[in-house]
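Topology and contacts: notes
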Amino acid sequence: MSKKNEVPEVDIVIDHEAGVIREVKQPGLRSKSGHERRVNGGIYTVLVIMSIIWLAPFVFLVFQSFRSYITESGGMVAYLLPKQWSLDNYIWLLTDEKSHFLQWYGNTLIIALFCAVIQTLMVLSVSYTLSRLRFKGRKLIMNVVLVLGMFPGFLTMITLYFLLKQLGLTQQGAIPGLILIYCASSGMGYYISKGFFDTIPKSLDESARIDGATRAQVFMKIIMPLAKPIVIYTILMAFMAPWGDYVFASYVAFGSEPNYNVAVGLYRWVNVNDYQGFFTRFCAGGVLVAVPITALFLALQKYYVEGVTGGAVKG
Amino acid sequence: MASVTLEHVKKIYDKKVVAVHDFNLEIKDKEFVVFVGPSGCGKSTTLRMIAGLEDISEGTLKIGDRVVNDVEPKDRDIAMVFQNYALYPHISVYENMAFSLRLRKMDKEEIHRRVCQAADILGITEYLGRKPKALSGGQRQRVAIGRAIVREPQVFLMDEPLSNLDAKLRNQMRAEIILLRKRIDTTFIYVTHDQTEAMTLGDRIVIMKDGFIQQVGTPQEVFDTPKNLFVAGFIGSPQMNFLKARLTKNGQGYAVQVQGITVPLEEKHNEILRRKGVGDMDIVLGVRPEHTSVRFGNRENAIESTITVNEMMGSELHLHVSTAAGDSVILRLPTVDLDDQTRQSLSYGNKLYFNFPGKVMHLFDPKTEESLLY
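Residues numbered from 1 in each chain as written. Chains lettered and ligands numbered in written order. Predicted model: local features only at pLDDT ≥ 70, side-chain atom pairs only at ≥ 80, totals over all residues.

1. A closer look at the sheet that holds strand β4 (residues 58–63) of chain B
Applied cut-off: For two strands to be treated as a pair, DSSP must find at least two bridges joining them. Going along the chain from the N terminus, every DSSP run of H or I of four or more residues is numbered as a helix, and every run of E of two or more is numbered as a strand.
Across the sheet, which stays open at both edges, the 4 strands sit in the order β2-β1-β4-β5 (chain B) with antiparallel pairing between neighbours. Unpaired on one side and paired on the other, β2 (17–27) and β5 (66–67) of chain B mark the two borders of the sheet.

Written out as structure tokens, the structure is:
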């Protein structure tokens, strides 16, 4: 038994009721040093400030969207909280005859859904091919794609515009035109999913092929179920990119209002139309755009993280 | 059930690296053949060519009477067990085993019958509902074998199936494979780097090195009459001792002079050497550790050596000794007849005398490394 004046950090106590021996830590002895506390405090302060800066625009956007353009002001004002909360902006967006919002929303949704399907198929099949098949020029293709990927997409903007125009895929044809643009080079984004496929042992493919599966069956029945995180990650990315795109959408659809996507349409309200009058409606539109993507992201967050890190471990 | 014939089969990678040279072998129906050799010898490549997972660069491969060079793996009617099991992790053991049958669109009841039967043979019935993740290494290997059995394939390929198991389980599974082979009686091709597995499992062993077949024969044949230095050293554990020696012809008989002793050859060996017209020459003499005898009393015509290491293996001692000429030799000595005093004398630095009879000697040409007695 220890002497009382030495004060052990941990007392062994026999809990007769529970019939167990448990360790009881003595209060005061295990506290962290002051230095460690100060460092932690500093780190947390920085983090809190950063997250406030980060979140402020979103909070601002949401507050503005609830300020009525009829009873208060539809423009910019010098205060943050609306004096009276109202859904006028949303009602106008969804019901007013002059609002094209639903059409734009639909356009964007169509483009994003098509892209999600086509792009996912392309990315995954390119990745699987590059990961599993060995053919002439494989290394070359991978390197060329890597280098090409370093150039920003809008370098090709003018060429693409004239190409699309000749095909009749601008303005009235903007929706298929945009789908074409977004999906065209999507196979180049094979990197992360190829890294993921590389981590699935090749002997699974071989085993399945001996078991009687064709390459396509191996892909669908063995690889796809195992690559669920990366499939979801790819779908998410493919959906999100066109959902929020402004640059391509603005010039391909230029001048044809019914064919805008939400980003372009909303922006043109505040830019071309009455800036002061449409600001709160612009904010409400922004909120509506953010809702589905946020929900999707939260629901699939687990897979998303797995997808990114899974591909990264043995990339 | 079918024979497998390889005629002049070659594997060349990138037009440069030759992994398998001119491989000729006929595997009979229902035969158990083991490819054995050190890593990089081309044994797995050959197996993968038979499976159809690697292209055949040159030569012909036949399963039964059918040339299958350009036949897809799925159409070759073979089954393969992989070293890392290659179980499909996302489906249950039952589905793993049923996978190939489902692809074949087999009747559901027949699938169920075959899966249950295979599970019964392998003792994995109670794990059928589990995912592979929830199984131990040995159980996974059983499932992998079960997946192959249900197919009732013509040829059963196994690529180092026991390498991932621990030593005890490996011995147990080895015995089970022998039993399994009796039950399902089909053509087996088995790849391993472990000569013990090769010796215990194979009807015939194919020993390979650097893409060349070194020797093909029954375990007894390759043990008794190794064709060259490599085979002699590879088969048997601990490995054969090699000593520099001189072969001398004396009338009709031959004798080997080694480390100051002279050992005459047996008549059947004399005859082989006479037929080959061998004269006096320097040779490499091979003697297996188990064929040496330690001389405690009579030191006449025995080689003097110094003990460097004494390994106690239980039923026997492995004595590493160094001869006066500087060669190191391993001797196997059964412990059952040794008294305590002798046992204690067998320690580091002490002198030890040993010799061996003529009939256990293997003679190799130092230039060609081929056996003179083959």
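2. Considerations on the domain arrangement of chain B
Reports of interface size often rely on the accessible area that becomes lost once the parts have come together. Let me state the cut-off plainly: Bear in mind that the domain bounds are from an automatic or database domain assignment. By the convention adopted, Pro, Cys, Tyr, Trp, Phe, Met, Ile, Leu, Val and Ala count as nonpolar, Lys, Arg, Asp and Glu as charged, and the other residues, Gly among them, as polar.
On domain assignment, one finds that chain B holds domain 1 (4–233), domain 2 (238–289 + 361–374) and domain 3 (293–355). In terms of residue class, the side of domain 2 of chain B that touches domain 3 of chain B is made up of 4 nonpolar, 3 polar and no charged.

3. Details of the environment of B:Arg183
Among the secondary structure elements, B:Arg183 is positioned in helix α5 (residues 167–184). Along the primary structure B:Arg183 and B:Asn301 are separated by 118 residues, whereas in three dimensions their C-alpha atoms are 52 Å apart.

4. Examining the interface of chain B and chain A
What counts here: This entry defines residue contacts through backbone-placed C-beta atoms, with two residues in contact when those atoms are within 7 Å.
Counting from both sides, the interface comprises 17 residues of chain B and, opposite them, 14 residues of chain A. Those elements that provide at least two residues to the side of chain B that touches chain A are β6 (78–81) and α2 (93–103) of chain B. Looking at the side of chain B that touches chain A residue by residue, the classes come out as 12 nonpolar, 3 polar and 2 charged.

5. Section: the sheet that holds strand β19 (residues 351–355) of chain B
All names here are of chain B. The following threshold applies: Helix axes are fitted only over the stretch in contact, all axes being lines through C-alpha atoms; the angle between N-to-C directions runs from 0 to 180 degrees.
The strand order across the open sheet built from 5 strands is β15-β19-β16-β17-β18, with neighbouring strands paired in antiparallel fashion. Looking along the sheet, the strands with just one partner apiece sit at the ends: β15 (293–295) and β18 (328–334). Averaged over all adjacent pairs, the angle separating strand axes in this sheet is 50°, with direction ignored. Pairing between β15 and β19: 3 bridges, direction antiparallel. Bridged to Val-294 within β19 is Phe-354.

6. Quick look at the nonpolar core
Selection criterion: The nonpolar core criterion groups buried Ala, Val, Leu, Ile, Met, Phe, Trp, Tyr and Cys residues into a set whenever they are joined through C-beta atoms within 7 Å. Labels follow a simple rule on C-beta atoms placed from the backbone: if 20 or more others lie within 10 Å of a residue's own, it is buried; if 12 or fewer, it is exposed; otherwise it is partly exposed.
By size, the foremost hydrophobic cluster in this structure holds 151 residues, and its most contacted members are A:Cys115, A:Leu178, B:Val34, B:Met80, B:Leu157 and B:Ile189. Residue contributions to this core peak at 11 residues, all from helix α3 (residues 101–132) of chain A. Leaving out residues up to four positions away in the same chain, A:Leu178 has contacts with A:Ile111, A:Pro242, A:Phe248, A:Ala249 and A:Val252. In this structure, B:Val321, B:Leu331, B:Leu333 and B:Phe354 belong to the second largest nonpolar core, which totals 9 residues.

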